[in-house]
Amino acid sequence: MSEFLAVLSNYDLVGAYWLNIQLTFFAGLASLVIGTILALMRISPIPSLQFAGTTYVNLIRNTPLTIIVVFAALVLWPVLGVEFSTDFATNFFWLAVAALSVYHASFMCEALRSGVNTVPAGQAEAARAIGLPFLPAARLVILPQAFRGAIAPMGNTLIALIKNSTVAAAISVPEISILMKEMMENEGNYVIPIFLTVAVGFVIIVVPIGLAVTYLSQRLAVSR
Amino acid sequence: MADSSVTGVTADDDRGMPAHSGEPLVVLDSVNKHFGELHVLQDINLTVHRGEVVVVIGPSGSGKSTLCRAINRLEAIDDGSITLDGQALPEEGKALARLRADVGMVFQSFNLFAHKTILENVTLGPIKVKKMKTAKAKELAMGLLERVGVANQADKLPAQLSGGQQQRVAIARALAMQPKVILFDEPTSALDPEMVNEVLDVMVALAKDGMTMVVVTHEMGFARKAADRVVFMSDGQIVESADPDTFFDHPTSNRAKDFLGKILTH
């Protein structure tokens, strides 16, 4: 046991996990913003916006994440010229964030739309009846209630995002799964303990988030 | 029921002049609407004059709620025209929103904004639509809540109030926009019986103050007491339109006689 701990101390596990948390944080924020815009498009009264939102969701949601991440690294940057930083590692970190954001935005959109469905139709009618146009009605009446009804499915998307952040390994962002692979290659005697350590690390990060989501979804529920 | 006809006369007298002498405010001209196969509004012609209280009654499915909802375009019509104060109802967009601000609406299921306090429910429209200063909107709202008798509940959420209180707040919310006309879509149908009167009392007071009202209801007592005109609908058509005493005491059509026979025997 002490030997294994000595082996672990040679590697920066915390630093690697920190990269996963940063990927999750930035992609979580961006996907929430993009997902909200997509949801607004899908519930808007304008058919072309509805169509665009629906097309995005169906296209992106049904594409494997690995493909999107690789697309960012091999097409978005070198072919389409999207560069976040001249520093190679920083650039790839943000390319990974972009790919994770684009992918999870489709799930955030659908989670929020499930929240919109928890808001009775009468709320929107009452908002329209006092003269609020679509956007103010959505911002002031529909979305505040929809977010509260969508906390649980959005929390699920966040949890999926934390674990999906390991797909950034596909474009060599040195997050935890890359470190795990490196450790396993170097420390052949400890393959199973290394695997268990990394897995438990994720459980430690994800379980509190799951508990917080459950607590918030009950706490913030709209009483009717 | 013996004294209600007397009250009806009093209500007319309070108004000082016959309401139908006011200028036309809401005009429906040859309005048609289908729900799939169902022809729910059939060639509807109706004029509501300024200051007039029109009560729409009729059996379930006769199209009276749809008529009410068509006036502020919560239901789009297939053909015909609806004008408000001489202005045709716009299609979607900002112009429609502006017009809706002038038409109050009170729903069967109250539809108070569930995440906002009672006070915020009433101030939202004035602040966000009419760009009124917050302090002024609060003052206006408290005055209206006082008028409908729920000022002491201002900081609570809708779910903490009784149905009757919620509906009175909904009336205050409509009044806060200083509308030209208020539409009531079965305002007492979702209420426990003991709460019906507290809402009707507020509506009667509004009628006496000269508010233009279109009221879809099953409350015949209210129709007798506060209506200038009763419109009877059946199968998507306006079958009869008369002052309450004439309608209730001397209905002319068989459908109206049949309907009144069923509801007034108790």
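Heads up: the structure comes first, above all this text.
Please read these numbers as outputs of a predicted model, since none were measured by experiment.

S.K.: Mind showing me how you'd approach the packing of aromatic side chains here?
M.R.: The geometry of an aromatic ring pair is captured by two quantities: the separation of the ring centres and the angle between the planes. Per the counting criterion, the structure on display carries 13 aromatic pairs over all chains. Taken together, a centroid distance of 4.6 Å and an interplanar angle of 25 degrees make the contact between F88(A) and F92(A) stacked. In this pair, F88(A) and F92(A) both sit in helix α5 (residues 88-116), four residues apart, roughly one turn of the helix. Relative to F259(B), the ring of F232(B) has its centre 5.3 Å away and its plane inclined at 45 degrees; by these criteria the two rings are tilted. One end of the pair, F232(B), is in strand β9 (residues 229-234); the other, F259(B), is in helix α10 (residues 254-263), with 27 residues separating them in the sequence. The burial state of F232(B) is the same as that of F259(B); both residues are buried. Ring-pair connections join several aromatic residues into one group, and the members of that group are F25(A), F26(A), F93(A) and W94(A). If you follow R173(B) out to its NZ or CZ, it ends over the ring of F113(B), 4.6 Å from the centre.

S.K.: For this particular structure, what's the right way to read the environment of C68(B)?
M.R.: Residue and element names in this part refer to chain B. Inspection of the secondary structure assignment puts C68 in helix α2 (residues 64-70). Exposure remark for C68: the relative accessible area of 0% places this residue in the buried category. Setting aside residues no more than four positions away along its own chain, C68 makes contact with M105, L183, F184, D185 and V216.

S.K.: Sorry if this is basic, but what is going on with the packing of helix α6 (residues 163-175) of chain B against helix α7 (residues 193-208) of chain B here?
M.R.: Two quantities define a packed helix pair, namely the angle between the helix axes and the distance between the axes. Residues and elements named next belong to chain B. Look at α6 against α7: their axes get within 8 Å of each other, and the N-to-C directions meet at 20 degrees. On the basis of their axis angle, the class for α6 and α7 is roughly parallel. In this structure, the crossing between α6 and α7 has a hand that is right-handed. Contacts between α6 and α7 pair G163, G164, Q165, Q167, R168, I171 and L175 from the former with M195, E198, V199, V202, M203 and L206 from the latter. For the contact of α6 with α7, the residue count by class is seven nonpolar, four polar and two charged.

S.K.: For this particular structure, what's the right way to read the sheet that holds strand β10 (residues 237-242) of chain B?
M.R.: Working definition: the strands of a sheet are paired by backbone hydrogen bonds and lie parallel or antiparallel to each other. Residues and elements named next belong to chain B. Sheet architecture is open: six strands sit in the order β6-β7-β8-β3-β9-β10, paired in mixed fashion. Looking at strand neighbours, the two that pair on one side only are β6 (103-106) and β10, the edges of this open sheet. With direction set aside, neighbouring strand axes in the sheet form an average angle of 20 degrees. Of the strands in this sheet, β3 (53-57), β7 (181-185) and β8 (212-216) touch α7, which is tilted by about 145 degrees from β8.

S.K.: Would you mind showing me how to read a nonpolar patch on the surface here?
M.R.: A surface patch of nonpolar side chains, amounting to about 370 Å² of accessible area, comprises V191(A), I192(A), F195(A) and L196(A). Along the polypeptide, I192(A) turns up in helix α10 (residues 191-219).

S.K.: What is the right way to look at the interface of chain B and chain A in this model?
M.R.: Think of interface size as the accessible area that goes away when the parts come together; that is how it is often given. If you look at the interface, chain B gives 24 residues, while chain A gives 20 residues. The contact between chain B and chain A buries some 1900 Å² in all, and 65% of this surface belongs to carbon and sulfur atoms. Considering only the surface of chain B that becomes buried against chain A, F113(B), A114(B) and H115(B) emerge as the three largest contributors, covering 28% of it. Linking chain B with chain A are one salt bridge. Between R69(B) and E125(A) there is a salt bridge, and its shortest N-O distance comes to 2.6 Å. At the junction of chain B with chain A, the criterion picks out six residue pairs in polar contact (both at pLDDT 80 or more). Among the secondary structure elements, those contributing two or more residues to the side of chain B that touches chain A are α3 (94-101), β6 and α4 (118-128) of chain B. For the side of chain B that touches chain A, the residue count by class is 13 nonpolar, four polar and seven charged.

S.K.: In this structure, what is going on with unusual backbone geometry? I would like to understand it.
M.R.: Trans peptide bonds make up most of the peptide bonds, and negative phi angles are found at most residues other than glycine. All names here are of chain B. In this structure, F110 is a non-glycine residue whose phi angle is positive, near 65 degrees. Considering the arrangement of structural elements, one finds F110 in the loop between β6 and α4. Of note, N111 is a non-glycine position whose phi angle comes to about 55 degrees, a positive value. As for its position among the elements, N111 is in the loop between β6 and α4. Given the relative accessible area of 8%, N111 is considered buried.

The rules behind the values
Residues numbered from 1 in each chain as written. Chains lettered and ligands numbered in written order. Predicted model: local features only at pLDDT ≥ 70, side-chain atom pairs only at ≥ 80, totals over all residues. Heavy atoms only, no water. Phe/Tyr/Trp six-rings, centres within 6.5 Å; stacked < 30°, edge-to-face > 60°. Helix = DSSP H or I, 4+ residues; strand = E, 2+ residues; numbered from the N terminus. Buried < 20%, exposed > 50% of the residue type's maximum accessible area, 1.4 Å probe, protein only. Lys NZ or Arg CZ within 6 Å of the ring centre and 35° of its normal. Contact = heavy atoms within 4.5 Å. Axes fitted to C-alpha atoms, helices over the stretch in contact; angles between N-to-C directions. Parallel < 35°, antiparallel > 145°, perpendicular 65-115°, else oblique. Left-handed = near helix turned anticlockwise from the far one by under 90°. Nonpolar A, V, L, I, M, F, W, Y, C, P; charged D, E, K, R; others polar. Pairing = 2+ DSSP bridges. Patch = residues over 30% accessible without salt bridge, like charges linked within 9 Å, V, L, I, M, F, W, Y side chains within 5 Å. Areas by Shrake-Rupley, 256 points an atom, 1.4 Å probe, with all protein chains shown as cover. Salt bridge = Lys/Arg side-chain N within 4 Å of Asp/Glu carboxyl O. Buried area = accessible area lost by both parts, 1.4 Å probe. Polar contact = N/O pair within 3.5 Å; in protein donor to acceptor, adjacent residues only side chain to side chain.

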